[in-house]
Amino acid sequence: MIKIGIDYYPEHWDKSMWQEDIRQMAALGIHTVRIAEFAWGRMEPEEGRFDFGWLDEAVDMIARAGMKVILGTPTNSGPVWLYTDHPDTLQWDRTGKPTDFGIRGHRCLVSPTFRRYAGRIVEELAKRYAGRPEVFAWQLDNEMESNHCTCPACTRAFRDYLQKKYGTLERLNRAWGSDVWSGQISHWDQIKPLLSPDCSPNWFNPAYMLDYERFCAASTADYVRFQCGIIRRYDPEAVITTNSCFGANLPDFHQEFAPLNVAAYDNYPPLVLPKDPEALYSNAFALDFIRSFKQRNFWILEQLGGPMGCWSPITPAMEPGMLEGYALQAVAHGADLLSFFRWRTSISGAEMFCHGILDHSNQPNRRLRELAHLCRRLEAIPDLDQTTLNSQVAMLYSAEQEFALKNSTQSKGFAYWTQMRLLHDACMNLGVNVDILPEGHSLDGYKVVLIPTHFITNPEVVRQAEAFAAAGGTVVLTNRSGVKDQNGNCILGQSLPGAFRTLCGCSVQEYDAIGEANQRLRTIHGETHSITSWCDILELEGAKAWATYEGRFYQGSPAITRNRYGKGYAYYLGTVGEKGLYRTLLTEVFREQGVDMLEMLPQGVEVTARSGSGGTYRFYFNNTTARKIFRINGESIALAPFEMKIKQGEGQWL
Ligand code: GLA
Ligand code: ZN
């Protein structure tokens, strides 16, 4: 059965309330209670003095009520004594100064002192709780980002990382192209994290920055392995995960999750939907992205349970149906466990207006009733967790591309994520499941592979893409591909899309980075679409034009091409379009490849399917604030705002 959980902070409430809270959760049908991820101060009130009595009581109470705990390691937020007595545990910011304590997440993941204290508290927890039947799983730390810390320990570790990678400064300088602006490094000690509050990262050497981003991501992954190792010493079978989020500094999720058992995410879809019909707001992409971390079903460790506050002014209330609909949207993309943030809204601390299920009034409310309804609905589909998403379409993602593009803006408004989201959005709107895959993953079994902006050329991806098309598949590649080598330098003497030129059968003669300006293109079918951001002026070298520009000095030049390659095809998109362009293009690509799709879905309606030995469940989600009515195979389907309908096989609506 899909598990529903609650995020609970017993340390925030008087003990006299625990029993009743836990009774109510159990009565709702809650399976797991996620606790303790910020409670280091209660576990170790003074250095070396541990107090787990309160936690034992909470764990026992939860277990007696028939639920299990997801136990957090509390290392995101150390006790005040840790930072005052050991300031070298603090994270340093981009100004090169220690972050002040008082908030959270201000610890340095690399600092040997922090590792010593974090290691000890994790070990104390593991000693006490690892292997116990009450513990369903472990959550490491909280919402870890890539470790962008400028402290002396990180600076040293960055130098060591580079020394290991390059061996000599000569090799490093060559890889970084240090002759520009006299950037030659003549001593390892000159190297430091290049972060500055005063200037844009675009002003630094992108090759240097790429290695820095790689180092930061590797530090986070190393910290995950460090905590995992401690818990596994006490329970090799422990189920360990961490709750990911998409902050400013993304880690390399595939690397980070490699030692973990299951991927997990904190799912906060928008409470206010944008009015602009071109906005990409759906959380469907994030959910498929999380599934990609381990290429299997995942968990939500924080699911939107109420209006947000603290990190923003208080948001509008949740619309009727939103709590349940958004939760089921996660299930529709492969979530097998959803833990709601949080049981009751805190009455103290920074997040006192970041609402949980219950309000400060502590009275049953509309959100609690929706949660209860969700529990009943999922109980009625007990084999749903035995199903998975099967996709005929794959999309490649790599942290390398993210890192390289983040510090090297190509055009105003141009972003790697937007490229992925535009392609993904069209798939959702055609009812097509998408698997997001790390570069190098096998492409067997897929009919179409989408490759958004492959900026840093990975020769293995080029080889795979060629083999895939040659064998009959379709590759869809977007602009700014094949631009750079693995060091992050541009490649001399090639026309773009570089290593993909043969596959695509076209080359870029010139490009026009139009930023936020708009113009139009016309497809071979005569449809026109608005485009923005970037225009590659393409020359055909075997490919045929699929769309041409309508304006500027290159009017009539190809903007999108289609090349027959072996038994398959390669499409190259030299521009960035409005949503409708991707829908039109992918409809044709999918038709050509015989991908199963639903062409009649209105904008904002998303359809995915999960199947298993017991059959297929199809999820129809209305991710808009308007009522939607459409027909599939003669059957009329109506969806209220945020409503999710689930259909079993060809028959019953659930
Ligand atoms: C994040 C954190 C939580 C809480 C929520 C609410 O996801 O992990 O501790 O702060 O946000 O905004
Ligand atoms: Zn540091």
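Bear in mind that the values here come from a model prediction, so they are computed numbers and not experimental data.

Caption draft 1: How the structure looks around the overall build of the protein. Helix and strand content of the protein: 17 helices and 23 strands. For the protein, whose C-alpha radius of gyration is 26 Å, the value lies close to the compact-globule estimate of 26 Å for 654 residues. For the protein, the spread of C-alpha atoms along the principal axes amounts to about 75 × 75 × 40 Å. Here the protein holds 654 residues, and the buried ones make up 60% of them. By element, 51% of the accessible surface of the protein is carried by carbon and sulfur atoms, the whole surface being about 24600 Å².

Caption draft 2: Molecular detail of the site of ligand 1. Near ligand 1, the surroundings consist of F38, R104, N142, E143, D266, Y268, E302, M308, W311, F341, E351 and C354. Between ligand 1 and D266 there is a distance of 3.5 Å, counted from an oxygen atom to a side-chain nitrogen or oxygen. At 3.3 Å, a side-chain N or O of W311 approaches an oxygen atom of ligand 1. In the complex, 96% of the free accessible area of ligand 1, which totals 310 Å², lies under the protein chains. Of the residues contributing to the shell around ligand 1, the split by class is six nonpolar, one polar and five charged.

Caption draft 3: The domain arrangement of the protein, seen in detail. Taken as a whole, the protein is organised into domain 1 (31-261), domain 2 (393-593) and domain 3 (605-648). When each unit is reduced to the centre of its C-alpha atoms, the spacing between domain 2 and domain 3 is 30 Å. Contacts between the two partners involve five residues from domain 2 and, on the opposite side, five residues from domain 3. Roughly 380 Å² of surface becomes buried between domain 2 and domain 3 when both sides are summed, with 42% attributable to carbon and sulfur atoms. Looking only at domain 2, the three residues that lose the most surface to domain 3 are M428, G431 and N433, adding up to 85% of its buried area. Along the contact surface separating domain 2 from domain 3 lie zero salt bridges. Between domain 2 and domain 3 we count two residue pairs in polar contact (both at pLDDT 80 or more) in total.

Caption draft 4: Up close: the sheet that holds strand 3 (residues 68-72). Taken together, eight strands build an open sheet; the order of strands is 5-4-3-2-1-8-7-6 and the sheet is parallel. The open sheet is flanked by strand 5 (240-241) and strand 6 (264-267), the only strands paired with a single partner. Note that strand 1 (residues 3-7) and strand 8 (residues 335-341) share four bridges and pair parallel. When the bridges of strand 8 are listed, K3 appears paired with L337.

Caption draft 5: Focus on the coordination of the zinc ion (ligand 2). Protein ligation of the zinc ion (ligand 2) involves C108 (SG), C149 (SG), C151 (SG) and C154 (SG), the donor distances falling in the range 2.2 to 2.3 Å. Coordination geometry of the zinc ion (ligand 2): the four donor atoms subtend angles of 99 to 115 degrees at the metal centre, consistent with an arrangement described as tetrahedral. Note on C108: relative accessible area 0%, which makes it buried. The class of C149 is buried, set by a relative accessible area of 1%.

Caption draft 6: How the structure looks around the pattern of salt bridges. Evaluation of the coordinates by the stated rule reveals 36 salt bridges. The residue D56 makes a salt bridge to R128 at a minimum N-O spacing of 2.6 Å. Placement of the pair is D56 in helix 3 (residues 53-64) and R128 in helix 5 (residues 112-129), with a sequence separation of 72 residues. Taken together, the shared-partner salt bridges connect D7, R34, E37 and E302 into one network.

The rules behind the values
Note that residues are indexed from 1 along each chain, following the sequence as it is written. Numbering of ligands from 1 and lettering of chains from A proceed in the order in which they are written. Since the coordinates come from a predicted model, pLDDT governs what is reported: local features require at least 70, and pairs of side-chain atoms require 80 or more to be given and counted, while whole-chain, interface and lining totals use all residues. Water and hydrogen atoms play no part in the side-chain values, which are based on all heavy atoms of the structure. Here a helix means four or more residues in a row that DSSP labels H or I, a strand means two or more in a row labelled E, and each is numbered from the N terminus. To get the radius of gyration, use the C-alpha atoms; to get the globule rule, take the number of residues to the power 0.38 and multiply by 2.2 Å. For every residue, the accessible area obtained with a 1.4 Å probe (protein chains only) is divided by the maximum for its type, and the residue is called buried under 20%, exposed over 50%, and partly exposed between those limits. Method for areas: the Shrake-Rupley scheme with a 1.4 Å probe, in which residue coverage is limited to the protein chains shown. Here, proximity means that at least one heavy atom of the residue falls within 4 Å of the molecule or strand. The definition of a polar contact used here is a pair of N or O atoms within 3.5 Å, where within protein one atom must be able to donate a hydrogen and the other to accept one, and adjacent residues in sequence count solely through side-chain atom pairs. For this scheme, ten residues count as nonpolar: Ala, Val, Leu, Ile, Met, Phe, Trp, Tyr, Cys and Pro. Four count as charged, namely Asp, Glu, Lys and Arg, and the remainder, Gly too, count as polar. Domain limits in this description derive from either an automatic procedure or a database domain assignment. Contacts are residue-level and defined by heavy atoms, with any inter-residue pair within 4.5 Å sufficient. When two parts are brought into contact, each loses some accessible area as probed by a 1.4 Å sphere; the total of that loss over both is the buried area. Salt bridge, as applied in this entry: a Lys or Arg side-chain nitrogen positioned within 4 Å of an Asp or Glu carboxyl oxygen. Strands are treated as partners if at least two bridges between them are detected by DSSP. Here the term donor refers to an N, O or S atom within 2.8 Å of the metal (or 3.2 Å for Na, K and Ca), and because water is left out of the atoms, sites may appear incomplete. Irregular is the default label, applied whenever a site is not tetrahedral (four donors, all angles between 85 and 135 degrees) and neither square planar nor octahedral (four or six donors, opposite donors over 155 degrees apart, all other angles between 65 and 115).

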